[in-house]
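Coordinate inspection notes
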Amino acid sequence: MQRMRINVRLAVFAARLGYVGVLALATLSSLEFDFDVSDALDRLGQSLHPRYTPRDIIDAVRNVALFAGWGALWVVTSPTARVPTTLARATLTGAAMSVGIETLQAFSPVRTSSVLDVFTNSAGALIGALSIVGMAYVARQLRERKSYVGLPALGFAIPVSLAAFFDAILLSRSEPLPAVYGGPVTRFHAAMEHFELASISALPVLDLILFVPVGAFAVAALAELGRTHSQAARQVTLGGAVLSIALEVARGALALPMELGAILVHAAGIALGAWTAARRLPTWSRRLRGRRRPLALTTTYAIILALYSWKPFRLETDIQVILSQLSPSRLVPLHAHGWRVDLFSVGDVVVPFFLYLPLGSLLAVWPIRLRGAMGYCLPAVYFATLVEFGQVLVATRHFGSTDVLVQCAAVGIGWAVMQRAGYRPHGEMLPDVGR
């Protein structure tokens, strides 16, 4: 027992130290350290009076996303204690690291220290911690309700929806309109000027990979909450149409092109998933019993993740391009995001996180094996690494250690949240044959 406690403490320490390293790489790389104390003090003085620009908004979003991971990690690696205490410690440690980072950046002539960064970093840590506490609370409240696979379908519906929406806004068709500056209203007006009815022919068909599951999981979640399948399908279809319009409006506010075809594809995908689920869920739940049900869900969801990661499904044949993706720089976390100061880099982190979060939650309730190399959430870690590595063979896709770390962190957090919410394994997903 004593050895187990020591191992747990070492694992917690390693996880937190590893994330500190990621934060250091993201914020202190290429620092070009200058030992002139007077210049550093002058920069610190300027940091208390920051100048606000539209770029600061993007930087603030990046900071919140980066430190939200720290807040989430702090909660899942903390022993069960009073929630206010855990939240306070997550926020204060995030703030302390932020102060240290901004102080070190003051010794760099090429970096800019700002008190605004301290606030956004601290807010990010608090948001991340609150998110985990909220997830665990909701999961705990729904623990005694009937569910299709032993955990709330909301655990799939919400993360997959967020992933699809962030992907549609920030990653899909992500090239901004040229020479458009200013606030969201100014950018939206510029996007409206470029909007054409002919864009109805621009159909992002590959977006269906995520939007069909959004409709299906949403219907399953509403059915678990007491709606009939037909009622759930109607509500999801209507909500999907409204949200599809809202997604393009959000793109316009970011000076990204708004397309009528995207609205149609997204709304149709959600509706298709909703009505397919409404029709097939009753039959599926009758035919699949016990471990066969989570096994079918895991297989289907793994296919969705692979399809999303490997789109547009064009094989890369240039051996030089393939070899370039295996360079040592690709193994440096956040290396590919260091030169981008835009919301694309945010979406490239939050989308894979939300996609892999449900997989960890599912393995907490239905593990492949209860222990060993296939126990806990380890199979999802292997899968995430394999799928990401497979991108070296797909044209226009890029392998990077950042995605692997984000996906594995999401799996671990999803698994830990369900543990904290009191969920225990129903059994092993695979049969005992061959053991």
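Heads up: the structure comes first, above all this text.
One structure accompanies this document, and this report is about it. (Residues numbered from 1 in each chain as written. Predicted model: local features only at pLDDT ≥ 70, side-chain atom pairs only at ≥ 80, totals over all residues. Heavy atoms only, no water.)

**A closer look at helix H6 (residues 154–171)**
- Look at H6: 24 Å from first C-alpha to last across 18 residues, which is about the 26 Å you get at 1.5 Å a residue.
- The element H6 is extensively covered by neighbouring structure, given that 13 of its 18 residues are classed as buried.
- Remark: Arg 173 follows H6 within two positions and exhibits a positive phi of approximately 50°. (Helix = DSSP H or I, 4+ residues; strand = E, 2+ residues; numbered from the N terminus. Expected span 1.5 Å × (residues − 1). Buried < 20%, exposed > 50% of the residue type's maximum accessible area, 1.4 Å probe, protein only.)

**Side note on the side chain of Glu 224**
- In this fold, Glu 224 is placed in helix H8 (residues 208–224).
- Here Glu 224 occupies a buried position and makes no salt bridge, while the nearest side chain of opposite charge, Arg 293, is found at 7.9 Å.
- There is a polar contact of 2.8 Å between the side chain of Glu 224 and the backbone nitrogen of Ala 153.
- In this structure Glu 224 touches Arg 145, Lys 146, Ser 147, Tyr 148, Leu 151, Pro 152 and Ala 153, once residues within four positions along its chain are discounted. (Lys, Arg positive; Asp, Glu negative; His and termini not counted. Salt bridge = Lys/Arg side-chain N within 4 Å of Asp/Glu carboxyl O. Polar contact = N/O pair within 3.5 Å; in protein donor to acceptor, adjacent residues only side chain to side chain. Contact = heavy atoms within 4.5 Å.)

**Digging into a nonpolar patch on the surface**
- Together, Leu 206, Ile 303, Leu 307, Trp 310 and Phe 313 make up an exposed nonpolar region whose accessible area comes to about 430 Å².
- By the secondary structure assignment, Leu 307 is in helix H11 (residues 292–310). (Patch = residues over 30% accessible without salt bridge, like charges linked within 9 Å, V, L, I, M, F, W, Y side chains within 5 Å. Areas by Shrake-Rupley, 256 points an atom, 1.4 Å probe, with all protein chains shown as cover.)

**Description of the packing of H6 against H8**
- Contact pair H6 / H8: the axes reach a minimum separation of 8 Å and the direction vectors enclose 150°. If you check the angle between H6 and H8, you find them roughly antiparallel. The crossing of H6 and H8 is left-handed. Residues Leu 154, Phe 156, Ala 157, Val 160, Ser 161, Ala 163, Ala 164, Phe 165, Asp 167 and Ala 168 of H6 touch H8, and the partners they reach there are Leu 210, Phe 211, Pro 213, Val 214, Phe 217, Ala 218 and Ala 221.
- Class assignment for the residues of the contact of H6 with H8 results in 15 nonpolar, one polar and one charged. (Axes fitted to C-alpha atoms, helices over the stretch in contact; angles between N-to-C directions. Parallel < 35°, antiparallel > 145°, perpendicular 65-115°, else oblique. Left-handed = near helix turned anticlockwise from the far one by under 90°. Nonpolar A, V, L, I, M, F, W, Y, C, P; charged D, E, K, R; others polar.)

**Here's the deal with helix H5 (residues 115–141)**
- For H5, built from 27 residues, the straight-helix expectation of 39 Å at 1.5 Å per residue is met to within 8% by its first-to-last C-alpha distance of 39 Å.
- For H5, the complete set of buried residues consists of Asp 117, Val 118, Thr 120, Asn 121, Ser 122, Gly 124, Ala 125, Gly 128, Ala 129, Ile 132, Ala 136 and Ala 139.

**Quick look at the packing of aromatic side chains**
- Overall, the coordinates contain eleven aromatic pairs when judged by the stated rule.
- An angle of 45° between the planes, with centres 6.3 Å apart, marks the rings of Tyr 19 and Trp 70 as tilted. Here the residue Tyr 19 occupies a position in helix H1 (residues 2–28), and Trp 70 occupies one in helix H3 (residues 54–76), the gap between them amounting to 51 residues. For the residue pair Tyr 19 and Trp 70, the accessibility class agrees, reading buried in each case.
- Summarising the aromatic geometry, the rings of Phe 353 and Phe 354 are spaced 5.8 Å apart at their centres and angled 75° between planes, so their arrangement reads as edge-to-face.
- Given the relative accessible area of 22%, Phe 353 is considered partly exposed.
- The rings of Tyr 19, Trp 70 and Trp 74 are connected pair by pair, giving a single aromatic cluster.
- In this arrangement the basic side chain of Arg 16 is found over the ring face of Trp 74, its NZ or CZ atom lying 3.7 Å from the centre.
- The aromatic ring of Trp 284 is capped on one face by Arg 293, whose charged end is 5.7 Å from the ring centroid. (Phe/Tyr/Trp six-rings, centres within 6.5 Å; stacked < 30°, edge-to-face > 60°. Lys NZ or Arg CZ within 6 Å of the ring centre and 35° of its normal.)

**Describing the nonpolar core**
- In terms of nonpolar packing, the biggest core is built from 63 residues, with Val 219, Tyr 301, Leu 355 and Tyr 356 touching the most fellow members.
- The next biggest cluster of nonpolar side chains, apart from the first, holds 22 residues, and it includes Leu 73, Val 75, Ile 413 and Val 417. (Core = buried A, V, L, I, M, F, W, Y, C linked by side-chain atoms within 4.5 Å.)

**Side note on the pattern of salt bridges**
- Within the structure shown, the criterion is met by four salt bridges.
- Between Lys 311 and Asp 167 there is a salt bridge; the shortest N-O distance is 3.9 Å. Within this pair, whereas Lys 311 is found in the loop between H11 and helix H12 (319–324), its partner Asp 167 is found in helix H6, the two being separated by 144 residues in sequence.
- Between Glu 248 and Arg 251 there is a salt bridge; the shortest N-O distance is 3.9 Å. Of this pair, Glu 248 and Arg 251 both sit in helix H9 (residues 229–253), three residues apart, which is roughly one turn of that helix.

**Focus on a positive patch on the surface**
- A contiguous patch of positive charge on the surface is contributed by Arg 279, Arg 280, Arg 286, Arg 287 and Arg 289.
- Mapping Arg 286 onto the fold places it in helix H10 (residues 260–287). (Charge placed at Lys NZ, Arg CZ, Asp CG, Glu CD.)

**Quick notes on the side chain of Asp 207**
- Within the secondary structure, Asp 207 sits in the loop between helix H7 (184–194) and H8.
- Of the side chains with opposite charge, Lys 311 lies nearest to the buried Asp 207, which makes no salt bridge, at 4.3 Å.
- At a separation of 2.8 Å, a polar atom in the side chain of Asp 207 contacts the side chain of His 266.
- With residues up to four places along the chain from it excluded, the contact list for Asp 207 reads Asp 167, Ser 172, His 266 and Lys 311.

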